[in-house]
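# Descriptive analysis of the structure
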Amino acid sequence: MSNVYSESVPKHNLHLLWNDTRKEAYFYDKLSDGKTKCRLCPRNCMIAQGQSGFCKVRKNIDGTLYTQNYGKATHITVERIEAEAMFHYKPGAKILSLGNFGCNLNCDYCQNWTFSQFQYTPPQTIQEYTTEDVIRKAKADGIEVLSWTYNDPAVWMEFVIDTAREARKHGLKNLFKSAFFLSPEVVSELIKVIDVFAISIKAMDEDYYKKFTKAWLKPVLDNTRQVHESGVHYELSNLVVTGLTNNDDNYDKMIDFILKDLTPKTPIHFTRFHPDYKYMDHEKTPLEDVFAARNRAMKKGLTYAYVGNAFESEGLNTYCPSCKELLVERFGLSTFVKESLKQDGTCNKCGYKTTIVF
Ligand code: SF4
């Protein structure tokens, strides 16, 4: 299948596959008129019988809301944790990345659109897994962390929560990589089973969110504050899209939010965009742009700022914030933890305690 979007890309009706494998959704209300109200994300879709919500994977059948993608994976891939814009948690750890289909956003430049946009997902890419299958595969492959990623794992919530809870009993950790457009109730449940969050903030502008992602910003920021207050490890990323978010106003608002509402020690990754989906005519983000964002963040007081989707750059490395010793060197997705970094996250040279967790 071509990865280039056009009006002629084949569409599929995945609902035809699903009659005997559906599971009742979590986080919804049954209403007296047979409709259901989904509480998973801030859209709160009111769904009539026979209809689906915005994300297309939660459907009202006879007054009950079903999640129709439970255990259905499009990706189950061994990678390194750095692929998730995660530099301060178990550097170099092997992860099992799990992706699904459907999304509660629809970003015009989505880099995973053939899976996030349900109607373009080829049925032959979907495989069925149980919680036990995932744990068995992870253990067999020497995995430390399950990574819920690719499309937004928000819309796979029931399988994520069930599997993450069980995986912990087997010594596995869980990473949740998301645009974080969720209800506060759901974030509270996730905090109980997730060990690390990779949160993607698209921009710092409500109008931008509505226009380019079809979501809205305030819940994303509220949820990020909630995770911060919980004490669970998290890192932020911002996709720097050429012509849209590669500007000082976006960088400054992001930096100010971190400084005022979170902590300067929150790692932020400014990642490069490549042309995709409906944004084929915008050039790949120049390395200088993400590097400029990273330098601006450091200059304004953030302790750890990085570039992303780059192979080689000083902006990929971690230096001691105090004595500037190189602690972790990265080339692409290869990671080299230096002897200058102790296993408790302390700089061997000057004794500074970083936030890196092994
Ligand atoms: S998760 Fe899907 S069905 Fe539920 S409120 Fe969000 S978009 Fe609507």
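Not measured: the values here are computed from a predicted model.

### Re helix α6 (residues 217-230)
- Here α6 is 14 residues long and its end C-alpha atoms lie 20 Å apart, about the 20 Å a rise of 1.5 Å per residue gives.
- Of all the positions in α6, only Val220, Asn223, Thr224 and Val227 are classed as buried. Looking down the long axis of α6, one finds its buried residues gathered within 105° of arc, a one-sided arrangement. Residues of α6 that are exposed and point over 90 degrees away from its buried face: Lys218 and Glu229.
- Here the buried face of α6 lies against α4 (184-193), β13 (196-200) and β14 (233-240).
- Phi for Gly231, located one or two positions after α6, is positive at around 85°.

### Details of the sheet that holds strand β18 (residues 326-331)
- Read from one edge to the other, the open sheet built from three strands follows the order β17-β18-β19, with strand pairing classed as antiparallel. Each edge of the sheet is formed by a strand with only one pairing partner; in this case those strands are β17 (318-319) and β19 (334-337).
- Relative to β19, β18 runs antiparallel, the two being bridged by four bridges. Following the sheet pairing, Arg330 is matched in β19 by Thr335.

### Some points on the pairing of strand β11 (residues 145-148)
- Alternating positions in β11 separate into two faces, Val145 and Ser147 on one and Leu146 and Trp148 on the other, with burial throughout.
- For strand β9 (residues 94-99) and β11, the ladder comprises four bridges, and the chain directions are parallel. When the sheet's bridge partners are listed, Leu98 is paired in β11 with Trp148.
- Pairing of β11 with strand β12 (residues 173-178) involves four bridges; the strand directions are parallel. Looking at the pairing, Val145 lines up with Lys173 of β12.

### Looking at the site of the ligand
- In the vicinity of the ligand, the contacting residues are Cys38, Leu40, Cys41, Arg43, Asn44, Cys45, Gly53, Phe54, Cys55, Arg58, Asn104 and Val155.
- A class-by-class count of the residues in the shell around the ligand yields seven nonpolar, three polar and two charged.

### What about helix α2 (residues 131-140)?
- The set of residues buried in α2 consists of Val134, Ile135 and Ala138. Around the axis of α2, the buried residues are gathered within 95° of arc, so they sit on the same side. Facing away from the buried surface of α2 by more than 90 degrees, the exposed residues are Glu132 and Ala140.
- For α2, the elements touching its buried residues are β9, β11 and α3 (157-169).

Parameters at a glance
Residues numbered from 1 in each chain as written. Predicted model: local features only at pLDDT ≥ 70, side-chain atom pairs only at ≥ 80, totals over all residues. Helix = DSSP H or I, 4+ residues; strand = E, 2+ residues; numbered from the N terminus. Expected span 1.5 Å × (residues − 1). Buried ≥ 20, exposed ≤ 12 C-beta atoms within 10 Å, placed from the backbone. Arc of directions from axis to C-beta. Contact = placed C-beta atoms within 7 Å. Pairing = 2+ DSSP bridges. Near = placed C-beta within 6 Å. Nonpolar A, V, L, I, M, F, W, Y, C, P; charged D, E, K, R; others polar.

What is shown is where atoms sit, not what they do.
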